[in-house]
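# A look at the structure
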Amino acid sequence: MAGPRSRDYSITPEILLRAYSIGLFPMAESADDPEIFWVEPELRGIIPLDQFHVSKSLAKAIRHKPFDIRYDTAFDLVLEKCAEAAEDRPSTWINQTIKDLYGALHRMGHAHSVEAWDGDELVGGLYGVSLGSAFFGESMFARRTNASKICLVHLVERLKERGFTLLDTQFTTEHLKTFGAIDVPKDEYARLLETAVAGPDIAFV
């Protein structure tokens, strides 16, 4: 259950980073609503990096290397794909304000994408924000079987390699729980977050 919401019409990329550093993130009511509001869940979803789980079937699929995995080569396109309506997601919370803000964060080096390519076609991906040793996952999409799942696996591998300590998923879903996602109380999350953002920014790419 999300905590109190407050609207803000003058959010800058710098304010957005500050919000992440204290446990807030923005959402919109719908893609067509220009307004955004801050969310602070009472229970925060995270994936403990040392408890990340990959099923045998997914591991087998990964070994066949069905996609070319790239990082930060098409951030804006990933954002657009995440905002598109799909059969399993008829609407999203990603509006133009969010697109503009995260595009700015990407150009600042604080927002990143993991992309699954099939030839010249982007068929899956995810994006999120990095700050200190924390990575805040925002959204993902798939246009091929396992595409977003494989991107998540590569994201976790990269976070481990680079020394990240916190992978925030905002909320948990049954899908994310199969990878090891858990809910932590807001106070516990605040402690994890404070430690993660206290150090220098870790390079994602």
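This write-up is about the structure you can find in this document. Here the structure is a predicted model, which means the values were calculated and not measured. (Residues numbered from 1 in each chain as written. Predicted model: local features only at pLDDT ≥ 70, side-chain atom pairs only at ≥ 80, totals over all residues. Heavy atoms only, no water.)

### Re unusual backbone geometry
Most peptide bonds adopt trans geometry, and most residues besides glycine take a negative phi value. Despite not being glycine, K65 has its phi angle at roughly 50°, a positive value. For K65, the position within the fold is in the loop between α2 (56-63) and β5 (68-71). With a phi close to 60°, D72 is a non-glycine residue in the positive phi region. Among the secondary structure elements, D72 is positioned in the loop between β5 and α3 (75-83). (Helix = DSSP H or I, 4+ residues; strand = E, 2+ residues; numbered from the N terminus.)

### Focus: the packing of aromatic side chains
For the structure on display, the rule yields 8 aromatic pairs. Ring geometry for Y71 versus F204: centroids 6.0 Å apart, planes at 75°, classification edge-to-face. With Y71 in strand β5 and F204 in the segment after α7 (186-198), the pair connects residues that are 133 residues apart, well separated along the chain. Connected via pairs of aromatic rings, a cluster forms that spans Y71, F135, F164 and F204. For the cation-ring pair, R158 lies above Y71, with the distance from its terminal atom to the ring centre recorded as 3.7 Å. (Phe/Tyr/Trp six-rings, centres within 6.5 Å; stacked < 30°, edge-to-face > 60°. Lys NZ or Arg CZ within 6 Å of the ring centre and 35° of its normal.)

### As for the environment of D76
Here D76 is to be found in helix α3. Put simply, D76 and L152 are 76 residues apart on the chain and 18 Å apart in space, counted from C-alpha to C-alpha.

### Some remarks on the sheet that holds β5
Here we have 7 strands laid out as an open sheet, ordered β5-β6-β7-β8-β9-β4-β10, and mixed in their pairing. Looking at which strands have only one partner, the edges of the open sheet turn out to be β5 and β10 (182-185). For this sheet, the mean inter-axis angle between neighbouring strands, taken without regard to orientation, is 35°. Relative to strand β8 (residues 134-142), strand β7 (residues 121-131) runs antiparallel, the two sharing 8 bridges. Pairing of G128 across the sheet is with G137, part of β8. Along the sheet, helix α1 (residues 13-21) makes contact with β7, β8 and β9 (166-170), crossing β7 at roughly 75°. Against the sheet, helix α4 (residues 96-107) contacts β6 (111-118), β7 and β8, and its axis sits at roughly 75° relative to β7. (Pairing = 2+ DSSP bridges. Axes fitted to C-alpha atoms, helices over the stretch in contact; angles between N-to-C directions. Contact = heavy atoms within 4.5 Å.)

### Thoughts on the nonpolar core
Ranked by size, the top nonpolar core spans 40 residues in total, and within it L16, Y20, I98, Y102, Y127 and F136 carry the most contacts. Counting residues per element, this core draws most heavily on α3, at 5 residues. Residues in contact with L16, not counting those within four places in the same chain, are I11, P26, W38, L101, Y102 and L105. Formed by 25 residues, the second largest nonpolar core is a distinct cluster that contains L49, F52, F67 and V123. (Core = buried A, V, L, I, M, F, W, Y, C linked by side-chain atoms within 4.5 Å. Buried < 20%, exposed > 50% of the residue type's maximum accessible area, 1.4 Å probe, protein only.)

### Observations regarding the state of the cysteines
Considering all chains together, one arrives at 0 disulfides under this definition. Here C82 stays free of any disulfide, with the sulfur of C151 as its closest cysteine sulfur at 9.6 Å. Residue class for C82 comes out buried when judged on its relative accessible area of 0%. (Disulfide = S-S within 2.5 Å.)

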